[in-house]
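Below, each chain spelled out in residue letters.
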Amino acid sequence: MAVRGSSWRIVPMAEWHCEGVQDLQDACYPTLAASEKVQKHHALSLLERFPQGQHVAVITAGDGQREETVVGMDATIMLSGFQFGKDESESERNRKVQHDHNERISGDNGGTGGAASDEDELAVSTSRHQHTFNEITGGMFGTTHDPDGDVIYGVDISVHPQCRRMGIGRALYESRKSVAREMNCKGIVAGGLISGYHRHKDALGPEEYVARVVRGEITDPTVTFQLSCGFQVKGILRDYIDDTSCGNHAALIWWRNPEHR
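What you see is a predicted model, and the numbers here were worked out from it, not measured in a lab.

### Overview of the overall build of the protein
Now for step 1: Broken down by element type, the protein carries 8 helices and 7 strands.
Now for step 2: Residues counted as buried form 49% of the 261 residues belonging to the protein.
Now for step 3: Just so you have it, the protein exposes about 12,600 Å², and 48% of that area is on carbon and sulfur atoms.

### Some remarks on the side chain of S158
Now for step 1: You can see S158 is positioned in strand β4 (residues 151–159).
Now for step 2: For S158, a relative accessible area of 5% translates into the label buried.
Now for step 3: In terms of polar contacts, S158 uses its side chain to reach the side chain of D156, at 2.8 Å.

### Topic: the environment of M183
Now for step 1: Structurally, M183 can be placed in the loop between α6 (168–182) and β5 (187–193).
Now for step 2: You can call M183 partly exposed: its relative accessible area is 28%.
Now for step 3: Leaving out residues up to four positions away in the same chain, M183 has contacts with F50, Q52 and M78.

### Considerations on the pairing of strand β7 (residues 250–256)
Now for step 1: Counting buried positions along β7 yields 6 of 7 residues, so the element is predominantly enclosed.
Now for step 2: Examined bridge by bridge, β5 and β7 share 7 bridges and lie antiparallel to one another. Paired with G192 across the two strands is A251, which belongs to β7.
Now for step 3: Of the pairings in the sheet, the one linking strand β6 (residues 232–237) to β7 comprises 5 bridges and is antiparallel in character. The residue bridging V233 from the neighbouring strand is I253, located in β7.

### A closer look at the side chain of E36
Now for step 1: With respect to the secondary-structure elements, E36 resides in the loop between α1 (18–28) and α2 (40–49).
Now for step 2: Despite its burial, E36 pairs with no opposite charge; the closest candidate is K37, at 11 Å N-O.
Now for step 3: Reaching out from E36, the side chain makes a polar contact with the side chain of N134 at a distance of 2.8 Å.
Now for step 4: Once you skip the residues sitting within four places of it in the chain, E36 turns out to touch F133, N134, M140, I241 and D242.

### A few points about the environment of V233
Now for step 1: For V233, the location among the structural elements is in strand β6.
Now for step 2: With a relative accessible area of 15%, V233 lands in the buried category.
Now for step 3: When the C-alpha positions of V233 and W254 are compared, they lie 6.4 Å apart, and in sequence the two are 21 residues distant.

### Considering the pattern of salt bridges
Where side chains of opposite charge bring their charged atoms close, a pairing between them can arise.
Now for step 1: Applying the stated criterion across every chain yields a total of 10 salt bridges.
Now for step 2: Linking E68 and R9 is a salt bridge whose minimum nitrogen-to-oxygen distance equals 2.6 Å. With a gap of 59 residues between them, E68 in strand β3 (residues 68–79) and R9 in strand β1 (residues 8–12) connect regions that are remote in the sequence.
Now for step 3: Among the ionic pairs, E217 bridges to R215, the shortest N-O distance being 2.9 Å.
Now for step 4: Using a relative accessible area of 40% as the deciding quantity, one classes E217 as partly exposed.
Now for step 5: On the accessibility criterion, R215 (15% relative accessible area) is buried.

### Observations concerning the sheet that holds β4
Now for step 1: Read across the open sheet, the 7 strands follow the order β1-β2-β3-β4-β5-β7-β6; overall the sheet is mixed. Edge strands, defined here as strands with exactly one partner in the open sheet, are β1 and β6. The mean inter-strand angle of the sheet, taken between neighbouring strand axes irrespective of direction, is 25°.
Now for step 2: Running at roughly 160° to β4, α6 makes contact with β1, β2 (54–60), β3, β4, β5 and β7 of the sheet.

### Considerations on helix α7 (residues 206–215)
Now for step 1: With respect to burial, α7 is a largely interior element, 7 of its 10 residues being buried.
Now for step 2: Looking at α7, one finds that the buried residues are P206, E207, Y209, V210, A211, V213 and R215.
Now for step 3: One or two steps after α7, the chain reaches G216, where phi turns positive at roughly 85°.

Calculation notes
Residues numbered from 1 in each chain as written. Predicted model: local features only at pLDDT ≥ 70, side-chain atom pairs only at ≥ 80, totals over all residues. Heavy atoms only, no water. Helix = DSSP H or I, 4+ residues; strand = E, 2+ residues; numbered from the N terminus. Buried < 20%, exposed > 50% of the residue type's maximum accessible area, 1.4 Å probe, protein only. Areas by Shrake-Rupley, 256 points an atom, 1.4 Å probe, with all protein chains shown as cover. Polar contact = N/O pair within 3.5 Å; in protein donor to acceptor, adjacent residues only side chain to side chain. Contact = heavy atoms within 4.5 Å. Pairing = 2+ DSSP bridges. Lys, Arg positive; Asp, Glu negative; His and termini not counted. Salt bridge = Lys/Arg side-chain N within 4 Å of Asp/Glu carboxyl O. Axes fitted to C-alpha atoms, helices over the stretch in contact; angles between N-to-C directions.

Below, the structure is given as structure tokens:
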């Protein structure tokens, strides 16, 4: 695959892209169980149910013909039933981080009677929206798609390992946000795989790990990037997906559509 120096673009997914989507999943998710990967038949079903919500990133052969290689994908459905409280502003997040930092230094929190920790808040938030990847996506066929839904749910965003750090991932998230605006959805919900958790799982529970990622103390390959794209973590999805890299867990992430009417 010729990558560096190749031109790429985001286009609506079409039927002839679906086999490339299947190949992409194998390249992107070596630790993900085969039963959790989007295959050609899943992509075709998602495309049939919600064509506006499926996009791919492609690089095109030098002759400009339709010889396209799929190097990224964004698959979504629409759902209802997610309710989140007021989003934190940047200043509120900074104030909270400073408060936690001061408490760690002073030792005043002591585990009782103090302010709730970030990991406590994540656990409480999650209990309202607990689900698994297979359940909420209808086994990746999109059978749970609700044309009258009020949020976009992210089935997958992925970029081929050889094509990362080229701006494709951020462009796919912008494409997803555009769909949310066009459909007048409240926002975007997804399970962000905590793909760096395997390096910390012996020392940290998933709530504490994600809390540290949110505070900027740990860089997670997936969630840190999602935070930089404007998402907020609203909880932890335990046993969300069969993937050893994340200990089967994910962060429940949320982006609020500022244009929702």
